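# Residue-level structure breakdown
As a plain string of letters, each chain reads:
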Amino acid sequence: MTKTLDLGCGPNPNNPFNADEVYGVDIREDIGRNIASADLALDPIPYDNNMFEFVSAYQFIEHIPRVIYAPNHRLPFVQLMNEIYRVLKVGGVFLSVTPAYPHNAAFQDPTHVNIITEDTFIRYFDDTHRWAKIYGFAGHFKILKQEWMGANLVTQMQKVLPPAA
């Protein structure tokens, strides 16, 4: 029985991998069954470790701030990537569909506070470069595919175990 989690889903979670069970997380409360309420800029994903084969984020990542300074210094985007890694099973796939630089869609919505580029996932969250490690990223993702779909950057990443020391 496969399970998928859709982040920022509203009342209708996406199921791009045709999983058997569909869950969601949204900032709003009381919007449907299998949809938990959480502000993922501040809160952890409210599901167990290694629970999902798939996690998706459609038009969502760009709304998660890179840095928050009040009341303390936090890195919500890096923390969210750690959370996605935590809830995925080994071999599980994360799908991000987000407006990205250099397209206007990345900038025109005033709630877009996290501008993604073609190098964001490939350089900072992959299993080779892992540049986000210096900011507290603990995961390892293998980049499966990245392509443009209009103004949206579509990225698929697979949770892999860290290399043996």
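Whatever comes next refers back to the structure up there.
Residues numbered from 1 in each chain as written. Predicted model: local features only at pLDDT ≥ 70, side-chain atom pairs only at ≥ 80, totals over all residues. Heavy atoms only, no water.

## Some thoughts on the pattern of salt bridges
Evaluated as defined, the whole model comprises 4 salt bridges. One salt bridge in this structure joins R28 and D26, with 3.1 Å as the shortest N-O distance. In this structure R28 comes out as partly exposed when scored by relative accessible area, which is 45%. Linking E147 and K145 is a salt bridge whose minimum nitrogen-to-oxygen distance equals 3.9 Å. (Salt bridge = Lys/Arg side-chain N within 4 Å of Asp/Glu carboxyl O. Buried < 20%, exposed > 50% of the residue type's maximum accessible area, 1.4 Å probe, protein only.)

## Comments concerning the environment of H140
You can see H140 is positioned in the loop between α3 (118-124) and β6 (141-149). Judged by its relative accessible area of 8%, H140 falls in the buried class. Between the C-alpha atom of H140 and that of Y85, which follows or precedes it by 55 residues, the distance is 7.8 Å. Only 3.5 Å separates the side chain of H140 from the side chain of R130, close enough to count as a polar contact. (Helix = DSSP H or I, 4+ residues; strand = E, 2+ residues; numbered from the N terminus. Polar contact = N/O pair within 3.5 Å; in protein donor to acceptor, adjacent residues only side chain to side chain.)

## Let's talk about the sheet that holds strand β5 (residues 88-99)
Sheet architecture is open: 7 strands sit in the order β3-β2-β1-β4-β5-β7-β6, paired in mixed fashion. Across the chains shown, the open sheet's two edge strands, defined by having one partner strand only, are β3 (35-37) and β6. Put simply, the sheet's adjacent strands are angled 15° from each other on average, direction ignored. Contacts from helix α1 (residues 76-87) reach β1 (3-7), β4 (52-58), β5, β6 and β7 (152-159), with the element oriented near 140° to β5. (Pairing = 2+ DSSP bridges. Axes fitted to C-alpha atoms, helices over the stretch in contact; angles between N-to-C directions. Contact = heavy atoms within 4.5 Å.)

## Some details on the nonpolar core
Formed by 36 residues in total, the largest nonpolar core has its most connected members in L5, L7, I45, M81, I84 and F94. Counting only elements with at least two residues in this core, the list comes to β1, β2 (21-26), β4, α1, β5 and β7. Setting aside its immediate chain neighbours within four residues, L5 contacts Y23, G24, V25, I45, Y47, F52, F54, V55, S56 and V87. (Core = buried A, V, L, I, M, F, W, Y, C linked by side-chain atoms within 4.5 Å.)

## A look at the pairing of β2
Across 5 bridges, the pairing between β1 and β2 is parallel. Bridged to L5 within β2 is Y23.

## Some words on the packing of aromatic side chains
Each aromatic ring pair is specified by the distance between its two centres and by the angle formed by the two planes. One pass over the structure, following the stated rule, counts 13 aromatic pairs. With centroids separated by 5.5 Å and ring planes inclined at 70°, the aromatic side chains of Y23 and F52 adopt a geometry described as edge-to-face. Here Y23, found in strand β2, pairs with F52, found in strand β4; they are 29 residues apart in sequence, far enough to count as distant. Overall, the relative accessible area of 0% leaves F52 in the buried class. Between F137 and F141, the aromatic rings sit 6.2 Å apart at their centres with planes inclined by 15°, giving stacked as the arrangement. The two residues F137 and F141 agree in class, both being buried. A cation over an aromatic ring shows up here: K159 above the ring of Y85, its NZ or CZ 4.5 Å from the ring centre. (Phe/Tyr/Trp six-rings, centres within 6.5 Å; stacked < 30°, edge-to-face > 60°. Lys NZ or Arg CZ within 6 Å of the ring centre and 35° of its normal.)

## Looking at the side chain of N114
In this fold, N114 is placed in the loop between α2 (105-108) and α3. Only 3.3 Å separates the side chain of N114 from the backbone oxygen of I64, close enough to count as a polar contact. Filtering out sequence-adjacent residues up to four positions away, N114 remains in contact with I61, E62, I64, R66 and F77.

## Some thoughts on the pairing of β6
Alignment of β6 against β7, held across 8 bridges, turns out to be antiparallel. Within β7, the position partnered with M149 by the bridge is N152. Linking β6 back to β7 in an antiparallel pair, the connection comprises 2 residues, with G150 at a positive phi of about 65°.

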